[in-house]
Every structure is written in C-alpha cells, then in structure tokens.
Amino acid sequence: MSVDLIQTKLTIPPSRANLVQRERLNRRLDDSVNHKLTLITAPAGFGKSTLLSHWVEHNKLPIAWYTLDGGDNDPDHFLSYLLTAMHTVAPNLQLAESAAALRQAQEATAIETLLTFLINEFQQLKQPVGIVLDDYHLIQNTEVDAILTFLLDRAPPSIYILLASRKEPGFNYAKLRASDQLLELDEHDLRFTPEETSLFLREVMGLQISAEEVASLEERTEGWIAGLQLAALSLEGRADVSNFITSLRGTDRFILDYLAEEVFARLPEVLQSFILRISLVERFNAALCDTLIEDWEDATWEKLRQDFAGMQELHSRPILEFLDSSNLFVVPLDHGRQWYRFHHLFGEFLRDRLSALHPGEIPELHRRASTWFSSQRFLTEAIQHALLAGEPDVAATLIKGQVKPLLSSGETRTLTRWIEALPEETLVANPTLLIGQIWSYLLNDPVRYQAEIQQTLGQFSYTVAVTPDSIQQELARPDLDPEKRDLLGQYALLLAFLGRDNQPHEVTIELFRLADSVFSPDDFFTRAIAHSGLASTYARQGNLTQAEQAFVQAAQLGQQSDSSFVYLVAKDWEATVQTQRGQLNRAATTFQAVIDQLSLLASERLPLTAHAYVGLATVLLEQNDLDRARECVEMGIDRGHRIFDRDALLDGYPILARILHSQRDPKGSQQAMQRGLQEAQKSGSEQCMAEVEARAALLNLAGGDIPAAIRWAKAHNFLPVGLDDAASSLLWIERLALARLRLAQGDLPLAEAILKNMLTELEDSEFAHLTMEVRCALSVVLQAGGDRESAQRIVSKTLLKGEPEGFMRCFLDQGPRMAALLRRVASSGHSSAYIEHLLEAFGESLSEDEPIEPLTERELEVLRLLSEGLTNTAIAEELVIAQSTVKTHINHIYAKLGVTQRTQAVARARELHLLS
C-alpha cells in the first residue's frame, strides 16, 4: 500500500458566486508579489481564507495552495505537502519526487539539505510564484517555523508567501518589516466596511433590513464576517430585528457561542442530530456521513422528509447539499463538492455541544469513523479515530496489518509515526508491532536509534519469553504455533542484522539461514530481506561469489513479493558486488537496469536512484569516462540530498572529488572532498569517517600536497610506523594511502612492504578491483626502487586482468612513473592497443621518448618548484631540506632528463607531461 497525501489540502477552495466584492483588499493583495511575505492575521471568522481563495481564483496567478491542520506540525509532513503544493504550479521542477521520497526515506531527515535543494530549484522559475499557507495558527512546532524562516531568508525574488493565521506566527519577521518585504493585513483591514456590510446582509443573505439596522449590526459585530453571517441567519423570519441587534454583545468573545446557539436552535431537530454526529470528523463526504448515522430509524428519516419537502433520496447527499446551499458553515474542499468540512469555529461549537448532550455516543461515532476510513484506505484517520474511540487495540490491529506492506514499500517513517501513537501497554502487548518498530528504527537510522533499538528488542524478548541464546532451541520446538514461529523468525532475522559487525560471520550466516527456513515459502518479502542480509554478510566475509548469488536470490524474491523496493535494493547491491569483483561491464549493465526501472516507477522509489547513480559513476570513473561519470555522480548526490541517502553521499562526494581532480579542477575537487568529510561526520560512524579521511589523504597526495597527507597520518598515529606495522589491521584504503605517502616520502622499503602484505591477503580473494589498485601501486614502487623486472611482471599481469573490463584509472592515478612503465611493457610486445589507449589518456604515445630513469617523488617536487622559478635556497626552505640536498636532486633531474640547465629541464619535463 501507499499512504497518499490528502489532495483537498492542496486544492484552492472554490469561492462562492455571490460573494461581496472587496476590491480594496484585492488591490492590497495584488501588491503581494512585490513582498516576500504577506501576513494576514485576524481572529476566526474574518474571511481570511475566503479573501485569499477569491483573489487567487480571479487573478489566475500561479499560486500553490496549502491548507494546514494539526498533523502538519511534523516537519517532514509539512515539507512533503509544501513540495507537492509547489509541484502543482511548477511541474517542471523535481518537487513531487522529493515529496514522495520524503514520505518513504530510509534515513533520518536532513531538513536544511532539502531546503537548500528547494531554494536551488526555485532559482529556475521563469515567473513569480506564490505560496498560500492557510490556517498557519495550527502550527505550534518551532521546527516548522524554522523551515519557513529559512525559505523567507533565502528564497529568490520569484517566490512570495501569503500566510493566513488567527494569531501572529511564531517566527521572527521583524527584518522583513524593516526591509519593506512584509505586507500586513489584520482584523482592522478585514472588517466589513458599512458599505460591504450592507451588500452582504441585503444581497448575499437576502435580509430586508433598514440602513440604520445595517449600521447597528455592523457596529455591534465590528465588521466580523462570521458574526454577521451568524446574526443574519438568526435574523431570518424574526419580527424584532432591532431588539435582536440591540441585544448583541459586540466584540464579547462569547458572541460565537451565543450566535451559534441561536443558529443551531433554529434548525430542525433531525438536522441538529445530523450535524452534531458528523462534526466528529475533520472532513466528510456523503458515504462517511451515512456511516455515522447508520443507526437512524425509519421514523427519523421520515421526519427528515417532512422537514425538507421534496427530499426523495434517504441518505446524506441531499442533506450536505442543503447545508452547502444554505451557508450553514460547511466549506467545500473540492470543486466537485464531494468533500466538506465545517467552518472551524462552528465545528468546534458542534463538538462541544455533542460532548455536552451526547457524551455516551462519542466512542461509537469514533469507532464508525475509524471503520469507514479503514475501508477506504485512509489509514491515518482510521487509526486516529480508533485511538479516540478508546480502542488502541483496534488501532494496533490496523497498524499490524500494515507492518509488512509499509516496510515493503519503504514507508518506514509512516510506520514509526503510527506505532509511536500507541499507548506503551498496547505496544508491549503486541510483539508484531515491537518487531515493526525495530525495523523502522533500523531502516531509518540505526546509529541515531541505537538505544531505542536495543530497548525495544529487550521488550520483545521479554514479551515472547525468548532470549537471543535460546532462539534456536525455541524455533526447533515442534509444537510452536505458526504465528509465534513467524515472530521468532523475525527476531532471528533482526539478531542477525544487528550482529553483523560485532559477532563472528559464521554466527550471523547461521541466523540468517535459520530465519529464512522459518518463514513461509510464499512470504517472499521477508525471505528477500533475509537473503539480502545473508548476501551482505558474505560480502563482509570476502565471499563475493556467494554474496552476488544471494543478492540475485533476494532480487527474485523481491520481484515475487511485488516489492519493487526490495527487488531494486537487491539489484543495486548486486551491481556493487560486481564492481568489487572487477566485473565492470556487468556492473554497469546492472546499475543502468536499476536506474531504467526506477524511471518507469516515476517518483515512487526515488530513494534508490541516488545510490544506483553513484554506483554507475564509480564504474564509469574507473573506465575513465569522466564526463558521464560526473553527470551520474552529480545526479546521485543531488537525489541523495533530496531523500537523505547517506550511503550515496558518503560514496558520491569522494567519487566527484576524484573526477574533478582528473579533469584538472583542483579547487572543485577539494570542495567536493570537504563535503564528503562533512557527510561522514554527520553519519556518526567512525569507520565512515576513517574511510573518507583516507580518501582525502590520497587526493592530497595526487595533488602534491604531501604535508596534508602527513598531518592525516600523524593524527591517526600512523607515523612513525615501522616494518612490523606494515600488515596492520588498518582499513584497506588507509593502508593504500599510507603506502602512497611512504612512496612520496622516499621510504620505498616500507611502501613496498605495506603493498606486498596487502597483495598477499588479497591474492586469493575476490576483491579484484582493489587488487588491481594495489598491483598498480606496487609496480610503481618497485620501479622507483630499481626492480624494473618485478615491476614490469606485475603490471603485465594487471594489464591482462584489466583490459577485458576497461580498467584505466587504477593505472592513470599512479602518475608519470606508470606511463614510463607502460611504455617499457609495450616495447616487449604486450597488449599494445590497450597500452596505447592508456598512454593517450596520459597525454602521451608509444613513440615518445621517455626519461633515462623515472624521477622520484621528491625529484618531482623539486622539479615543480624549479618550474615556478624558486631559487635553491627557497626550494630548501619550502621542502625543509639542506641546500646541498637540493643541489643533489637537481643534478639527478638533469641526468635523468638529459639536460644541463633549469630552463631545459622545465621544457623537457613539460614535453613528458611531468608538470601536469
């Protein structure tokens, strides 16, 4: 299932044909386009919504309309509606996708990230667009106020906001007032003038009253439109008009109760009963009203027929039409007039009246509303009314039936919100909901909800009287009923997922297999989850073949379960494993298939596209298709921000940094890497931070910033390091960065030791992509140390592995030494076409001469400083070495390049692309 937005909240309320034309206010609103914020504040009943809807409808301006209610205090809820509202007037912007993704995002919401995207999207607007936020007084959450403040501060001039509220909003708008960016209308502006009052009472309400009586009524109500309407209804058929008007208490806050009593009391008894019952729901249509009055007896309907002569159909539709045509405070919510709500004040009065007159009926009415909303799949309202009916067990039952569908569709936020609305005693008594709550926490943000996950897991264990140590024994019991077997299977599945990083892989694999064996063969969704977890554990174990096979099975099960979400998650990670195995062509095909299928689903599964685009960019980068790689990774990062896909951002920014570096944009490259570091810090994961920091060190080394790489190593106590530490338990990427740093520092023995130890560990593994990188790095180190034969042997073997899949960056990222090594390998008749392609990417060709001997990293540094015109003394100060050492390096450079002067050395170096 999918929980849809209530579209009537985003529909401009239709204005009535017989409204009083308020040109003075319309002209004021015409000027709203020149102000960032138009603020309309007045007590209830002053016609704020009516004024706005009439102005919007008659000016035909591009206006996004959003009527708020209490549920919009949830920032994610508010943003989801706001994005969808904007999409109605700016369909070319990618806003509806973000709204759908926000409702099913897997990660914790990063509000500022989404707002930044929204601001950037607004920059593309070709004409001014307004946003109406009606009933903003219902917002009591400072986070929502902060969202609006952010938009007002940063939105381009093409965006202007019109806000209607009973009270002043909670955010500070003094700066807007000071800069003449605020247009204000209050109750004094909205009050009916004497002329407007006369038009309203005589022409709209059809009253035959004198000018003096009009003036008196206008004075007593002070132009309060709702009061005038209520008074006019009370005046219908009265002979003592003047006395009635005189008895009004003017602006007394109880005037609404007085007038509402007068209106309510004058209605037929059967109609009173009708509106009291339907007042219990925020919105209603004829079918829902029929449900709420389903216990009416025939005599009641007959009385209704008598009161309303000519009423033929005995159901709610004609009654609603009567209420609408009689201006009895029902507000149509759509142009087809199928859905209505009561005027807020009148609805409040009716609910108070219902509580006073018929308190015993209220739980039953809530129960009926819940049942009807449930039958129509309006589950949010169904659950809300079940709770108000005092039936949390009914609400729990409704939620229980949606646990797997919500997880299957990725709508974990909705599941979390529903479960948290239940009383604790109800939740603890429903182990299925405890399981659902753990899954929602786990899929949203396992780091943030770590404590909640453990607490809820403990509650589940206590409720079912099964501990992690006894799970296998319990599942082996032959007398276990199917429902508990399924629950314990879910428990085993969660224990497996939660233990992947802190228990032996064999234990985790056994738990995943146990869980899979428990579930019904046709429970495709849950079994798909089990196989995905099993696949990820195989990948952690280094068994990539079995990981890929398990992901294939997970994808098949996801497809059988009709869960596109699970299917595409499995296919996405299957492609990731293929990339790790060095199967670049297969991985590219799989990633592209995921992206293509997601595009067919439009916005419904947007979260997955972020990671799929970044994955495809990784493959394209390795194949040196830089333009396409950049296009993909930027798409992945953009969508990753919109739907808060942390994996996509953590992988995406370092990939973008490498691409920009390869495209000779060092500033852009460093900025991208800095964003990557920020995202890693937000994740709260030490491993994520360590990986991105190591990638930043590699980028610094590639750009010649050795001091920055040294600072990284020292900060992590990697320096000083000895030969005994070369095979340490550092992350792979950290060890590779450390080896490259040692090479740059001229410590060739340690660089060689680190890389050889890595290669020994990788030799029998399936991590072909990483193995290729390590081999390329080792061949360069060996050549720098003079062991050309070993270097050529390793690079030849690497070329054989890399050519079928189009590997390039693992060679290119090694720099000029690799170019020289490739020319030597090609001279022996090995893979000349492939090598020619690689050398072209270096900017060289097989026919070019090479230096007599490759320059060391330190010699390349000295050469760079020579090209910048620095003296020997300045070079010594820059590199913190003796001048005699500088002279030695310069002599070696001259010898290797076959020159005798600085200018010749620089010119020759440029010919050989040593100064890129």
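1. Re the overall build of the chain
For the chain, the count of helices and strands is 50 helices and 7 strands. In the chain, the share of contacts with a sequence separation of at least 24, taken over all contacts with a separation of at least 6, comes to 67%. Within the structure as shown, the chain displays about 39000 Å² of accessible surface, and the carbon and sulfur contribution to it stands at 49%.

2. With respect to the packing of helix α49 (residues 883-897) against helix α50 (residues 902-911)
Packing of α49 against α50 brings their axes to within 10 Å, and their N-to-C directions diverge by 55°. Our classification of the angle between α49 and α50 gives oblique. Here the hand of the crossing between α49 and α50 comes out left-handed. Residues Ile 890, Tyr 894 and Leu 897 of α49 lie in contact with α50, whose contacting residues are Arg 902, Ala 905 and Arg 908. When its residues are assigned to classes, the contact of α49 with α50 shows 4 nonpolar, no polar and 2 charged.

3. Quick notes on helix α32 (residues 564-580)
Over its 17 residues, α32 runs 24 Å from end to end, which matches the ideal 24 Å to within 8%, given 1.5 Å per residue. Of all 17 residues in α32, 12 are buried, a share of seventy percent or more. In the segment just after α32, Gly 582 is the residue with positive phi, at about 85°.

4. Structural notes on the side chain of Thr 590
One can find Thr 590 in helix α33 (residues 584-600). Judged by its relative accessible area of 11%, Thr 590 is buried. Other than its neighbours up to four places away in sequence, Thr 590 contacts Lys 571, Ala 575 and Gln 578.

5. Details of the state of the cysteines
Throughout the structure, instances matching the rule amount to 0 disulfides. Looking at Cys 810, it has no disulfide partner, and the nearest cysteine sulfur is the one in Cys 776, 3.9 Å off. With a relative accessible area of 4%, Cys 810 lands in the buried category.

6. Some remarks on the environment of Lys 167
With respect to the helices and strands, Lys 167 occurs in the loop between β4 (159-165) and α7 (174-178). Considered as a pair, Lys 167 and Pro 43 are 124 residues apart in the sequence and their alpha carbons are 7.0 Å apart. Non-local contacts of Lys 167, meaning those with residues more than four positions away in its chain, are made with Thr 41 and His 137.

7. A word on the pattern of salt bridges
If you walk through the whole model with that rule in mind, you get 39 salt bridges. For Arg 735, the salt bridge identified is with Glu 761, shortest N-O distance 2.8 Å. Of this pair, Arg 735 sits in helix α40 (residues 732-744) while Glu 761 sits in helix α41 (residues 748-762); the two residues are 26 residues apart in sequence, bridging distant segments of the chain. Residue classification places Arg 735 among the buried residues on the basis of a relative accessible area of 4%. For Glu 761, a relative accessible area of 41% puts it in the partly exposed group. Among the ionic pairs, Arg 817 bridges to Glu 857, the shortest N-O distance being 3.1 Å. Placement of the pair is Arg 817 in helix α45 (residues 816-827) and Glu 857 in helix α47 (residues 857-867), with a sequence separation of 40 residues. Judged by its relative accessible area of 5%, Arg 817 is buried. Relative accessible area serves as the criterion here: at 23%, Glu 857 is assigned to the partly exposed category. Through salt bridges with shared partners, one network takes in Arg 277, Glu 294, Asp 295, Glu 361, Glu 364, Arg 367 and Arg 368.

8. Describing the sheet that holds strand β5 (residues 182-185)
The parallel open sheet is built from 5 strands, whose spatial order is β2-β3-β4-β1-β5. If you trace the sheet from one side to the other, it starts and ends with β2 (63-67) and β5, each paired once. With direction set aside, neighbouring strand axes in the sheet form an average angle of 15°. Here 4 bridges tie strand β1 (residues 37-41) to β5, and the two strands are oriented parallel to one another. Considered in β5, the bridge of Leu 39 is made with Glu 184.

9. A word on α50
For α50, every residue scored as buried is listed here: Ala 905, Val 906 and Ala 909. Projected down its long axis, α50 shows its buried positions confined to an angular sector of 95°, all on one face. Lining the buried residues of α50 we find α47 and α49. Immediately downstream of α50, the backbone of His 913 shows phi near 60°, a positive value.

About the criteria used
Residues numbered from 1 in each chain as written. Predicted model: local features only at pLDDT ≥ 70, side-chain atom pairs only at ≥ 80, totals over all residues. Heavy atoms only, no water. Helix = DSSP H or I, 4+ residues; strand = E, 2+ residues; numbered from the N terminus. Contact = heavy atoms within 4.5 Å. Areas by Shrake-Rupley, 256 points an atom, 1.4 Å probe, with all protein chains shown as cover. Axes fitted to C-alpha atoms, helices over the stretch in contact; angles between N-to-C directions. Parallel < 35°, antiparallel > 145°, perpendicular 65-115°, else oblique. Left-handed = near helix turned anticlockwise from the far one by under 90°. Nonpolar A, V, L, I, M, F, W, Y, C, P; charged D, E, K, R; others polar. Expected span 1.5 Å × (residues − 1). Buried < 20%, exposed > 50% of the residue type's maximum accessible area, 1.4 Å probe, protein only. Disulfide = S-S within 2.5 Å. Salt bridge = Lys/Arg side-chain N within 4 Å of Asp/Glu carboxyl O. Pairing = 2+ DSSP bridges. Arc of directions from axis to C-beta.

Shape is all these values report; function is a separate question.
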